[in-house]
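Residues per chain, in single letters:
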Amino acid sequence: MALVLIVDDERYQRALIRETLATDSSLTFAEAENGREALELAPSIRPDVVILDVMMPVLDGFYVCRALKTNPLLRTVPVILVTALGQTQDKVAGLDSGADDFVNKPFEESELQARVRSALRVKSLHDQLQQVSQMRDNLVKMIMHDMGNMASVIGSALTLYEKFPPDSARAIKFVRDAFEANLSLGDMINDALDIGSMEAQRMPLHCVNTDLHSLIKSLVDSYQAPALENNVELTLEVDPEYKPTAFIDTVLIRRVIGNLLTNALKFAPGNSRVTVQLDNRAEPNYMTFSVSDQGPGIAPEEMPTLFDKYQQAQQYADHGSRTGRGLGLAFSKLAVEAHGGTIAVESVLGSGATFVVTLPRA
């Protein structure tokens, strides 16, 4: 529904405008009988378009229009001036005041309706542009926040390293922490860069026949240290006789698996388990692996937008901190689908989450 604010000192004229536009059921209306009342009312109701008479007592339409256009909350609201003035200098004054369109009295019903429709289209496009701009701002803030966190981890680990003998166990551990954080930082940068290319279908895949079991096992082994640090048991379940070969871009799928493991360990509470399963229950031409945690799970209302980069950024903006799952899932979805596969999530709130990936066989 779009809200139209009608400003005119004549009750009959307000009623005529309202009646003319009421044929459009998507419109709702508010009225003001003078300019001062309009300026008091507009910020609270945030109209989508203002139809404004020029010749009014108290404050004329030119003044009101200028005031509306200097208000940050209202400057993008289209203003249509309704005037009996027909001189060129009057239209110039209207344009100088910020008016978006004019209707002359007495107006044709079809003309007023068309001009309101046009103004609303412009407002809708502007609102969409602002929304996209805001989403991108949130996305950039989230990315910078995450990268800043990783840079801080690297800095802290190296600072602690300097406090111990270089060959001591603790010094080696801090170097390893810095190395792993640096790898995570690199993955974040690559995710951010590659998402745009994948969305535009500009990223070529370099697929080769790959032993999926060996690939997953190597990643599970590399994540054992952070799992132990968080007191989480990380296990791989697979039939030893099952030797799956997938036709994949190994670098991209490695990052997908790493993203899923990172998220699982992030949300897994202490003394819990993260389980990776590889099975052949998929269709004959596909294979499936899953990553499960015993964390808080995912709320049903979050499920439809879990792989949406902008929704993850919005969560960051809403909460002022990292509460979502970042760009990793958005990247993972694009990477898996580029292979002709699928990624899905199963979760019961309070009982963990399972991410299931299906990929084509070789």
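Our subject is the structure that appears above.
Residues numbered from 1 in each chain as written. Predicted model: local features only at pLDDT ≥ 70, side-chain atom pairs only at ≥ 80, totals over all residues. Heavy atoms only, no water.

J.: Quick question: what am I supposed to make of the overall build of the chain here?
T.: Looking only at helices and strands, one finds eleven helices and twelve strands in the chain. Across the 362 residues of the chain, 44% fall into the buried class. For the chain, restricting intrachain contacts to residue pairs at least 6 apart in sequence, the fraction spanning at least 24 positions comes to 71%. When the accessible surface of the chain is split by element, carbon and sulfur atoms take 53% of a total near 18900 Å². (Helix = DSSP H or I, 4+ residues; strand = E, 2+ residues; numbered from the N terminus. Buried < 20%, exposed > 50% of the residue type's maximum accessible area, 1.4 Å probe, protein only. Contact = heavy atoms within 4.5 Å. Areas by Shrake-Rupley, 256 points an atom, 1.4 Å probe, with all protein chains shown as cover.)

J.: Any chance you could explain the packing of aromatic side chains here in plain terms?
T.: Aromatic ring pairs are defined here through the distance separating the ring centres and the angle between the ring planes. Applying the stated criterion across every chain yields a total of two aromatic pairs. With a centroid separation of 5.9 Å and an interplanar angle of 35°, the aromatic rings of F164 and F174 are classed as tilted. A residue pair is termed long-range when its members are at least 10 positions apart, and F164 in the loop between helix 5 (109-161) and helix 6 (169-199) and F174 in helix 6 qualify at ten residues. When its relative accessible area of 10% is taken as the criterion, F174 is described as buried. Between F307 and F355, the aromatic rings sit 6.3 Å apart at their centres with planes inclined by 90°, giving edge-to-face as the arrangement. One end of the pair, F307, is in the loop between strand 10 (286-293) and helix 10 (309-319); the other, F355, is in strand 12 (residues 353-360), with 48 residues separating them in the sequence. Residue classification places F307 among the buried residues on the basis of a relative accessible area of 15%. (Phe/Tyr/Trp six-rings, centres within 6.5 Å; stacked < 30°, edge-to-face > 60°.)

J.: Teacher, can you tell me more about the environment of L212 here?
T.: Note on placement: L212 falls in helix 7 (residues 212-222). Sequence separation between L212 and R254 is 42 residues, and the spatial gap between their C-alpha atoms is 9.7 Å. Setting aside chain neighbours within four positions, we find L212 in contact with P244, I248, L278, M287 and F289.

J.: Honestly, helix 11 (residues 327-338) in this entry has me stumped. Any pointers?
T.: Helical periodicity: at 3.6 residues per turn, an α-helix aligns residues three or four positions apart in one direction. Compared with the 16 Å implied by 1.5 Å per residue over twelve residues, the 17 Å span of helix 11 between its first and last C-alpha is a close match. Of the residues making up helix 11, those classed as buried are L327, G328, L329, A330, F331, S332, A335 and V336. Once helix 11 ends, the next one or two residues include G340, with phi positive near 85°. (Expected span 1.5 Å × (residues − 1).)

J.: Where do I start with the sheet that holds strand 12 in this structure?
T.: Whether parallel or antiparallel, the strands of a sheet pair through hydrogen bonds between backbone atoms. The strand order 7-9-10-12-11 describes an open sheet built from five strands, whose pairing is mixed. Strand pairing shows two members of the sheet lacking a second neighbour, strand 7 (232-238) and strand 11 (342-347), which therefore form its edges. Direction aside, the axes of adjacent strands within the sheet are offset by 15° on average. The strands that helix 7 touches are strand 7, strand 9 (272-279) and strand 10; relative to strand 7, the one it contacts most, it runs at about 170°. (Pairing = 2+ DSSP bridges. Axes fitted to C-alpha atoms, helices over the stretch in contact; angles between N-to-C directions.)

J.: Teacher, can you tell me more about helix 9 (residues 250-267) here?
T.: With 18 residues, helix 9 should reach 26 Å at 1.5 Å per residue; the first-to-last C-alpha distance of 26 Å fits that figure. In terms of burial, helix 9 is largely enclosed, as 13 of its 18 residues are buried.

J.: Hey, could you run me through the nonpolar core in this one?
T.: Nonpolar side chains in soluble globular proteins tend to end up buried together. Judged by nonpolar contacts, the single largest core of 43 residues is most densely connected at L260, F289 and F355. When residues in this core are grouped by element, the largest group, eight residues, is from helix 9. In contact with L260, not counting residues within four places along its chain, are F289, V291, L329, I343, F355 and V357. Core analysis: the next-biggest nonpolar cluster, separate from the first, contains 22 residues, L5, A42, M56 and F102 among them. (Core = buried A, V, L, I, M, F, W, Y, C linked by side-chain atoms within 4.5 Å.)

Read these as geometric descriptors, not functional statements.
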